[in-house]
Amino acid sequence: MREPIAALVRQEGWRAEGAAARVHYEGGRDRYAVEFYAETGHVLYWSVPTDEDEEGTATPVPRDGVPDPLRRRVRDDLDEAGIDTAVERREL
């Protein structure tokens, strides 16, 4: 496992998935999956269907559509893992 991924999985809720780390976030009626890719140094946000919307599909979310508290939490987790927090702001 790559070191940045190993460092992230020590943070609350993160788990390793190959060359990526993923965490799920639920706030209010919103659900997100957040992925960090070690190879490219990118963070991706996905809107994940709720239990009421079982037929829905995960869709990518642009950064300006992600709640600020979630973005701050991700940057805090990256910082704790020793990863440059600027990767959270990188666009694809």
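Our structure is the block above this text.
Now for a description of the structure that goes with this document. On a predicted model such as this, the values are computed, not experimentally measured, just so you know.

### Here we look at the packing of aromatic side chains
In this description, a pair of aromatic rings is defined by centroid distance and the angle of the planes.
Then, in step 1: A full pass over the atoms with the stated rule returns 1 aromatic pair.
Then, in step 2: Between the aromatic rings of Tyr25 and Tyr32, the centroid separation amounts to 6.4 Å while the plane-to-plane angle is 40°, which identifies the pairing as tilted.
Then, in step 3: Take Tyr25: its relative accessible area is 23%, and that puts it in the partly exposed class.

### A few points about the pairing of strand S2 (residues 20–27)
A regular strand carries its side chains on alternate faces of the sheet.
Then, in step 1: Where strand S1 (residues 15–17) and S2 come together, 3 bridges link them in antiparallel fashion. Each residue of the ladder has a partner; that of Arg15, found in S2, is Arg22.
Then, in step 2: A loop of 2 residues connects S1 with S2, the two strands running antiparallel in sequence, and Gly18 in this loop sits at a positive phi of about 65°.
Then, in step 3: Of the strand pairs in this sheet, S2 and strand S3 (residues 30–37) are connected by 8 bridges, and their pairing is antiparallel. Paired with Tyr25 across the bridge in S3 is Tyr32.

### Regarding helix H2 (residues 68–80)
Then, in step 1: Here H2 spans 18 Å end to end across 13 residues, near enough to the 18 Å set by a 1.5 Å rise per residue.
Then, in step 2: Among the residues of H2, those classed as buried are Leu70, Arg71, Val74, Arg75, Asp77 and Leu78. Along the axis of H2, the buried positions cluster into a sector of 160°, meaning they face one direction only. Of the residues in H2, the exposed ones pointing more than 90 degrees away from the buried face are Asp76, Asp79 and Glu80.
Then, in step 3: On the buried face of H2, the contacting elements are helix H1 (3–8), S2, S3 and strand S4 (42–47).

### Some remarks on the sheet that holds S1
Then, in step 1: Taken in spatial order, the 5 strands make up an open sheet running S1-S2-S3-S4-S5, and their pairing is antiparallel. On the outer flanks of this sheet lie S1 and strand S5 (59–60), each paired with one strand and no other.
Then, in step 2: Note that S4 and S5 share 2 bridges and pair antiparallel. By the bridge assignment, Trp46 is partnered in S5 with Pro60.
Then, in step 3: Running over the sheet, H2 touches S2, S3 and S4 and is turned about 145° from S4.

Reading the values: rules and limits
Residues numbered from 1 in each chain as written. Predicted model: local features only at pLDDT ≥ 70, side-chain atom pairs only at ≥ 80, totals over all residues. Heavy atoms only, no water. Phe/Tyr/Trp six-rings, centres within 6.5 Å; stacked < 30°, edge-to-face > 60°. Buried < 20%, exposed > 50% of the residue type's maximum accessible area, 1.4 Å probe, protein only. Pairing = 2+ DSSP bridges. Helix = DSSP H or I, 4+ residues; strand = E, 2+ residues; numbered from the N terminus. Expected span 1.5 Å × (residues − 1). Arc of directions from axis to C-beta. Contact = heavy atoms within 4.5 Å. Axes fitted to C-alpha atoms, helices over the stretch in contact; angles between N-to-C directions.

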